[in-house]
Amino acid sequence: DAGYYVGVVGATAQSQCGPGSYSGTASSACSACDPGRFTSLSMSTSCALATAGSFVGYSGASAETLCPPGKFSVSAASECLNCLTGKFAASSGSTSCNLVNAGSFVADEGASDEVPCPAGKFSGAAASECLPCEMGTFSTEEAATCASCEAGKAATSTG
C-alpha cells in the first residue's frame, strides 16, 4: 500500500513510512522528503510544499520553519532570502518585504525594521540612505522632503 514499505523478501507485514518520508505502492523503502518539502504524518504518499513565508532546509523534514524577521520566502523554499536594501520584513513568516516609507531608510540587507532619517536629511520611498538637505532648506526627523527656509532665516550648511 502507498505510505508503507516492505523492506525484506518474505515479509509477513508492511511497515509504515514515518514523518519526513513517503512511499508509493509496492515500495521496498521510504523516500525522504526533499528540501523545500515536508510531511508531519506517518504513512504519507507524498510530501507537502513548504508554504510561502516558511522553509525546509534539509531532506527528511517533518515540519517547516518560519522565516525570521528580515527574511522572506516563496512556496517550496529550501531557504529564506534576505530583504534587499530599501526593504524590510518586520515579522516572522513574511512572504515578501515591505518598501521603506519615505522619510526612512534601510542600508543593509536582511533588515527587520526601517530607520527614520535624522533632522537635516530626507528620503523617498524604498531608500537605502538619507540625503542631506541643500543649503537654504531644512527638515525635521523622518522627512520625505526638505522645506525652504522662511524669509529672514537661513540654513547655512547642508544636512
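These notes cover the structure that comes with them. Per chain, the residues get numbers from 1 upward, laid out in the order the sequence is written. pLDDT decides what is reported in this predicted model: residues at 70 or higher carry local features, side-chain atom pairs at 80 or more are listed and counted, and totals for whole chains, interfaces and linings draw on all residues regardless. In computing side-chain properties, one takes all heavy atoms of the structure into account and sets aside hydrogens as well as water.

1. Comments concerning the overall build of the protein
Here is step 1 of the chain: For the purposes of this entry, the term helix denotes a DSSP run of H or I that reaches at least four residues, the term strand denotes a run of E that reaches at least two, and both are numbered from the N terminus. Tallying secondary structure elements over the protein gives zero helices and 18 strands in all.
Here is step 2 of the chain: Atoms counted for the radius of gyration: C-alpha only. Globule rule: 2.2 Å times residue count to the power 0.38. A compact globule built from 159 residues should have a C-alpha radius of gyration of about 15 Å, whereas the protein, at 27 Å, is more than 25% larger.
Here is step 3 of the chain: For the C-alpha atoms alone, the extent of the protein along its principal axes is close to 100 × 15 × 15 Å.
Here is step 4 of the chain: Three exposure classes are used, based on accessible area relative to the maximum for each residue type with a 1.4 Å probe and protein chains only: buried under 20%, partly exposed in between, and exposed over 50%. Buried positions account for 29% of the 159 residues belonging to the protein.
Here is step 5 of the chain: What makes two residues a contact is simply this: any of their non-hydrogen atoms within 4.5 Å. Considering only intrachain contacts with a sequence separation of at least 6, the fraction spanning at least 24 residues in the protein is 28%.
Here is step 6 of the chain: All accessibility values rest on the Shrake-Rupley procedure with a 1.4 Å probe; residue burial counts only the protein chains present in the view. For the protein, the computed accessible surface area is about 8,900 Å², with 52% contributed by carbon and sulfur atoms.

2. With respect to the state of the cysteines
Here is step 1 of the chain: We call a pair of cysteine sulfur atoms a disulfide whenever their separation is within 2.5 Å. Using the criterion set out here, one finds six disulfides in the structure.
Here is step 2 of the chain: Across the disulfide from Cys17 sits Cys30; the S-S distance is 2.0 Å. Across the disulfide from Cys17 to Cys30, rotation about the S-S bond amounts to roughly -95°, and the bridge is consequently left-handed. Placement of the pair is Cys17 in the loop between β2 (15-16) and β3 (21-22) and Cys30 in the loop between β3 and β4 (31-32), with a sequence separation of 13 residues.
Here is step 3 of the chain: Disulfide pairing places Cys83 opposite Cys97 at an S-S distance of 2.0 Å. What sets the handedness of the Cys83 and Cys97 disulfide is the S-S torsion sign, and at about -85° it is left-handed. Of the two residues, Cys83 sits in the loop between β10 (81-82) and β11 (87-88) while Cys97 sits in the loop between β11 and β12 (98-99), which places them 14 residues apart along the sequence. Cys97 matches Cys83 in its accessibility class, with the two residues each being buried.
Here is step 4 of the chain: Of all cysteine sulfurs in the structure, the one in Cys133 sits closest to Cys149, which takes part in no disulfide; the separation is 9.1 Å.

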